[in-house]
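Observations on chain architecture
Now for the letters of each chain:
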Amino acid sequence: MLEIEIDGKKLTVPGGSTVMDAANSIGVHIPHFCYHKKLSIAANCRMCLVQVEKAPKPLPACATPVTDGMKVFTHSDQAVTAQKGVMEFLLINHPLDCPICDQGGECQLQDLAVGYGQSGSVYAEEKRVVANKDLGPLISTDMTRCIHCSRCVRFTEEIAGFQELGMANRGEFTEVMPFIGKTVNSEISGNVIDLCPVGALTSKPFRYTARTWELSRRKSVGAHDGLGSNLVVQVKNNKVMRVLPLENEAINECWLSDRDRYSYEALNSQERLTTPMIKQGGVWQQADWQTALEYVANGLKQVVAEHGKDSVAAVASANSTVEELFTLRKLMAGLGVDAVQAFARNADFSVKTQGAKWLGQSLEELSQNEAVLIVGSTVRKEQPLLAQRLRQSVKKGMALSLVNVHADDLLTKLAGEVVVRPDQLVEGLLQVVKAVVELKSVAAPACIDLANVEVSDAARAIATSFEGKAKAAVLLGNIAQTSERYAEIYAAAAAFAALTGAKLGVPAVAANSVGAELIGADVGGNVFAAGKKAYVFVGVEPEYDAHNGAQALAAAKQAEMVVVMSAFQSCAMDYADVLLPISPFTETSGTFVNMEGKAQSFNGVVRPLGETRPAWKVFRVLGNVLGFNGFDYNSSEEIRDEALAGDTAARLNNTLASAVAVSAKSAQGLVRLGEVPVYQGDAIVRRAPSLQATADAALATTVRLNAATIAKLGLVEGAKAIVKQGQGSAELTVKLDAGLLDDVVRVATSHPLTRDLGEMVGAVEVLKG
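Residues numbered from 1 in each chain as written. Predicted model: local features only at pLDDT ≥ 70, side-chain atom pairs only at ≥ 80, totals over all residues. Heavy atoms only, no water.

Helix and strand counts for the protein stand at 23 helices and 32 strands. A globule of 769 residues ought to have a C-alpha radius of gyration of about 27 Å, and the protein, at 28 Å, matches this closely. Overall, the protein is about 90 × 70 × 55 Å in size when its C-alpha atoms are taken along their principal axes. Burial statistics for the protein: of 769 residues in total, 60% are counted as buried. Sequence separation of at least 24 residues holds for 72% of the intrachain contacts in the protein that already meet a minimum separation of 6. On the protein, roughly 29700 Å² of surface is accessible, and the fraction owed to carbon and sulfur atoms is 50%. (Helix = DSSP H or I, 4+ residues; strand = E, 2+ residues; numbered from the N terminus. Rg over C-alpha atoms; globule rule 2.2 N^0.38 Å. Buried < 20%, exposed > 50% of the residue type's maximum accessible area, 1.4 Å probe, protein only. Contact = heavy atoms within 4.5 Å. Areas by Shrake-Rupley, 256 points an atom, 1.4 Å probe, with all protein chains shown as cover.)

Structure representation (structure tokens):
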């Protein structure tokens with residue numbers, strides 16, 4: 001610890017701290033532009049110049065290390081004169097367009113110009129003008145305003161993992177620009193907007209729609225993945241206008257994924273369902289709530305009476321709140337119905353654990369591991385901010401390894417990577433298990449058959465990376481969780497964890513996956529396989545949100561009664577009998593339990609649109625209409641307290657309830673690798689126009705194969721191909737993907753172009769278009 005004095009205040013700080021760190025620790029503000037606590041030190045704006053005793057000239061606080069006995073003056077005449085001089089240079093070329101700038105009102109340059117700027121300028125020459133750049137559909141540019149702080153450049157390289165922006169030229173001709181012909185395509189690209197201290201980078205969807213001082217700011221929680229990012233939702237005239245990150249170091253730090261940032265556009269979509277509707281004689285008619293609810297109650301009672309309780313199933317989105325899932329399950333229990341399923345994308349429901357599956361540790365603990373193995377995951381797209389955390393940990397020495405079905409670039413160094421066919425994920429994981437067994441010279445775990453497993457060098461590298469590591473983890477990604485052999489994958493991963501002393505974790509696919517398991521909304525298995533007589537869909541579109549969209553759609557169409565509760569009309573008009581408008585997460589209060597088991601409650605930020613009602617209120621009234629007891633709730637908090645009563649942490653347990661036999665199998669022929677695209681995961685994201693205009697969204701319209709498979713099938717990159725699976729087909733554009741093995745056909749699922757195809761992983765046929 002070193003002693004330092006700042007503006008007469010004495011304090012001690014750790015060795016290696018900068019003057020800026022020391023000042024921040026006692027709440028002393030030093031003006032700055034290029035400094036950011038999460039980025040490397042650039043020291044190129046010079047706004048943080050301070051006076052240091054015995055130093056011949058002012059020094060930048062962000063880049064000056066503390067020395068013992070140092071005396072710093074942040075507001076002395078010398079410091080203020082230096083800061084005002086820097087501000088004068090920054091304003092020389094800055095345009096006077098504050099009245100039309102989206103950054104106006106929250107601009108660091110504006111704020112500091114008040115304290116350090118002058119009323120006039122001695123600079124009489126023409127100001128420079130910089131051409132704007134096309135950074136894609138999410139980020140708008142006004143590069144004449146750029147002050148070259150380089151925050152955006154450092155973010156893309158250090159946090160996003162790939163330098164998509166750079167600085168070209170010198171002096172006043174310096175420009176921040178993307179690579180020629182490229183846009184910024186990172187899944188967390190929108191953070192450069194928050195980082196930009198001026199109006200050079202702003203939100204394209206938000207552009208010119210409101211002024212910052214007109215917006216109300218309300219806290220909420222991200223509703224699209226299991227991280228539970230904290231949000232600030234900004235509202236004007238009962239309409240969500242913008243979403244920004246709310247800093248929470250334990251969860252999302254100060255970042256936000258583009259999925260959480262821009263999906264709000266769908267909340268104001270023309271597809272919003274705002275009034276109950278009933279199909280009469282094949283024609284849709286609007287109805288009042290009382291009529292619609294009586295129709296639903298009578299219809300469900302009749303189906304149960306005629307066909308039995310096993311003829312009805314409720315399928316909900318795992319992005320539904322705890323309160324919604326709990327009251328749905330309670331309502332179905334009143335009817336005698338057990339099948340309440342919030343995991344329709346799963347194919348194997350035989351995995352039984354001693355508690356609800358979760359990450360196995362906190363997010364902060366995960367980032368402190370010495371070795372991590374990820375199994376079956378497109379982690380950058382599934383969990384953008386979790387991938388970012390892991391990237392930072394690798395820089396600090398973590399050994400990160402993959403057993404995966406493709407070799408997508410994780411934008412970080414890997415200790416080992418085993419790439420297998422999507423139907424051979426079990427075999428890939430068994431390679432690593434056998435490598436550990438050989439390395440440690442121990443017996444293979446019970447129920448794990450390693451007889452026919454050949455160990456690759458990559459598997460040995462992974463096993464070696466875990467050797468001697470006190471803190472380690474193995475994580476099962478979305479591809480593993482939706483595999484038809486999930487039980488075997490889970491058992492093999494558990495065996496690997498036991499052999500290496502690692503913690504087994506299951507990152508939640510959706511916002512409330514853990515909460516859904518805690519309250520038992522995972523009963524019934526594949527409710528589409530046999531076909532039920534009645535379905536209740538809550539926030540799901542079965543053709544997009546099931547493991548086999550074609551099978552789910554067929555099951556819905558043959559049912560006698562289909563009740564759809566959704567914020568959107570969607571394609572349910574084809575097969576539903578009644579549509580009930582329920583609130584998205586911004587229009588209701590509720591609770592999500594994130595992947596680390598933390599329950600986060602939030603309130604609605606705007607009033608429900610039209611006749612929309614929170615789903616838990618709909619279930620409450622339905623319960624009363626049906627005459628069930630226990631539906632007299634007055635608030636969502638009452639439901640939450642009942643649903644999560646007791647110690648929820650004690651109900652989280654990834655240990656298998658019973659042993660699962662695992663053995664290697666061979667596979668051949670063309671096989672589909674079906675993944676849920678990053679911007680097709682749920683009903684809200686699917687309807688956000690700006691996200692659907694991204695490069696990631698365009699990628700979902702392609703069929704990807706490696707060069708050998710393209711040649712073998714006689715296809716041409718850029719041309720059309722017909723993909724056939726089951727009874728369905730899709731015409732897609734051929735794209736080269738060098739990260740795939742031979743005979744692997746990468747075709748997105750949960751997409752309008754591919755919804756007629758079958759299961760996520762299965763035999764396919766590919767023909768010339």
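After that view of the structure, there is still more to cover.
On inspection of all chains with the given rule, the structure shows nine aromatic pairs. Pairing Tyr-486 with Tyr-490 gives two aromatic rings, centres 5.9 Å apart and planes at 80 degrees, and the pair type is edge-to-face. Of this pair, Tyr-486 and Tyr-490 are both found in helix H15 (residues 486-500), four residues apart, which corresponds to roughly one turn of the helix. Of the residues examined, Tyr-486 reaches a relative accessible area of 2% and is grouped as buried. (Phe/Tyr/Trp six-rings, centres within 6.5 Å; stacked < 30°, edge-to-face > 60°.)

This part takes up the environment of Gly-769. Position of Gly-769 among the secondary structure elements: in the segment after strand E32 (765-768). Looking at Gly-769, the relative accessible area reads 65%, which means it is exposed. It is 9.9 Å that separates the C-alpha atoms of Gly-769 and Val-716, two residues lying 53 residues apart in sequence. Those residues within four positions of Gly-769 in sequence are excluded, and the remaining contacts are Lys-720, Ala-721, Ile-722 and Glu-731.

In a packed pair of helices, the relevant descriptors are the angle between the two axes and the axis-to-axis distance. Close contact between helix H2 (residues 77-92) and helix H3 (residues 108-116) brings their axes to 10 Å; oriented N to C, the two are set at 130 degrees. On the basis of their axis angle, the class for H2 and H3 is oblique. Considering how the two elements wind past one another, H2 and H3 form a crossing that is left-handed. Contacts from Gln-83, Lys-84, Met-87 and Leu-91 in H2 reach Leu-109, Leu-112, Ala-113, Gly-115 and Tyr-116 in H3. (Axes fitted to C-alpha atoms, helices over the stretch in contact; angles between N-to-C directions. Parallel < 35°, antiparallel > 145°, perpendicular 65-115°, else oblique. Left-handed = near helix turned anticlockwise from the far one by under 90°.)

Time to look at the domain arrangement of the protein. Splitting the protein by domain gives domain 1 (277-349 + 515-646), domain 2 (363-505) and domain 3 (671-768). Placing the centre of domain 2 and that of domain 3 at their C-alpha centroids yields a distance of 26 Å. Summing both sides of the interface, domain 2 and domain 3 together bury roughly 1200 Å²; the carbon and sulfur share of this comes to 63%. The largest contributions to the domain 2 side of the interface with domain 3 come from Lys-381, Arg-421 and Pro-422, which together make up 42% of the buried area. Here domain 2 is connected to domain 3 by two salt bridges. Our count for the domain 2 to domain 3 interface comes out at six residue pairs in polar contact (both at pLDDT 80 or more). Per-class residue counts for the side of domain 2 that touches domain 3 are six nonpolar, three polar and five charged. (Domains from an automatic or database assignment. Buried area = accessible area lost by both parts, 1.4 Å probe. Salt bridge = Lys/Arg side-chain N within 4 Å of Asp/Glu carboxyl O. Polar contact = N/O pair within 3.5 Å; in protein donor to acceptor, adjacent residues only side chain to side chain. Nonpolar A, V, L, I, M, F, W, Y, C, P; charged D, E, K, R; others polar.)

So, about the nonpolar core. Phe-33, Met-47, Phe-155, Met-332, Met-565 and Leu-580 are the most contacted members of the largest nonpolar core, which has 123 residues in total. The leading source of residues in this core is helix H7 (residues 289-307), at eight residues. Contact partners of Met-565, with chain neighbours within four places excluded, come to Val-536, Phe-537, Val-538, Gly-539, Leu-580, Ile-582, Ala-615, Val-618 and Phe-619. Ala-371, Ala-495, Ala-497 and Val-761 belong to the second-largest nonpolar core, a separate cluster that totals 53 residues. (Core = buried A, V, L, I, M, F, W, Y, C linked by side-chain atoms within 4.5 Å.)

We now examine H15. Given a rise of 1.5 Å per residue, 15 residues ought to cover 21 Å, and the 21 Å separating the end C-alpha atoms of H15 matches this to within 8%. Burial analysis of H15 places 13 of its 15 residues in the buried class, which makes it a mostly covered element. Gly-501, located one to two residues past H15, shows a positive phi value of around 75 degrees. (Expected span 1.5 Å × (residues − 1).)

Pairing in this open sheet of seven strands is mixed, and the strands run E14-E13-E24-E23-E22-E15-E16 from one edge to the other. Whereas interior strands pair on both sides, the edge strands pair on one side only; in this sheet they are strand E14 (283-286) and strand E16 (340-341). In this sheet, strand E24 (residues 578-581) lies alongside strand E13 (residues 277-280) in antiparallel orientation, the contact comprising two bridges. Each bridged residue has a counterpart across the sheet, and for Ile-278 the counterpart in E24 is Val-578. (Pairing = 2+ DSSP bridges.)

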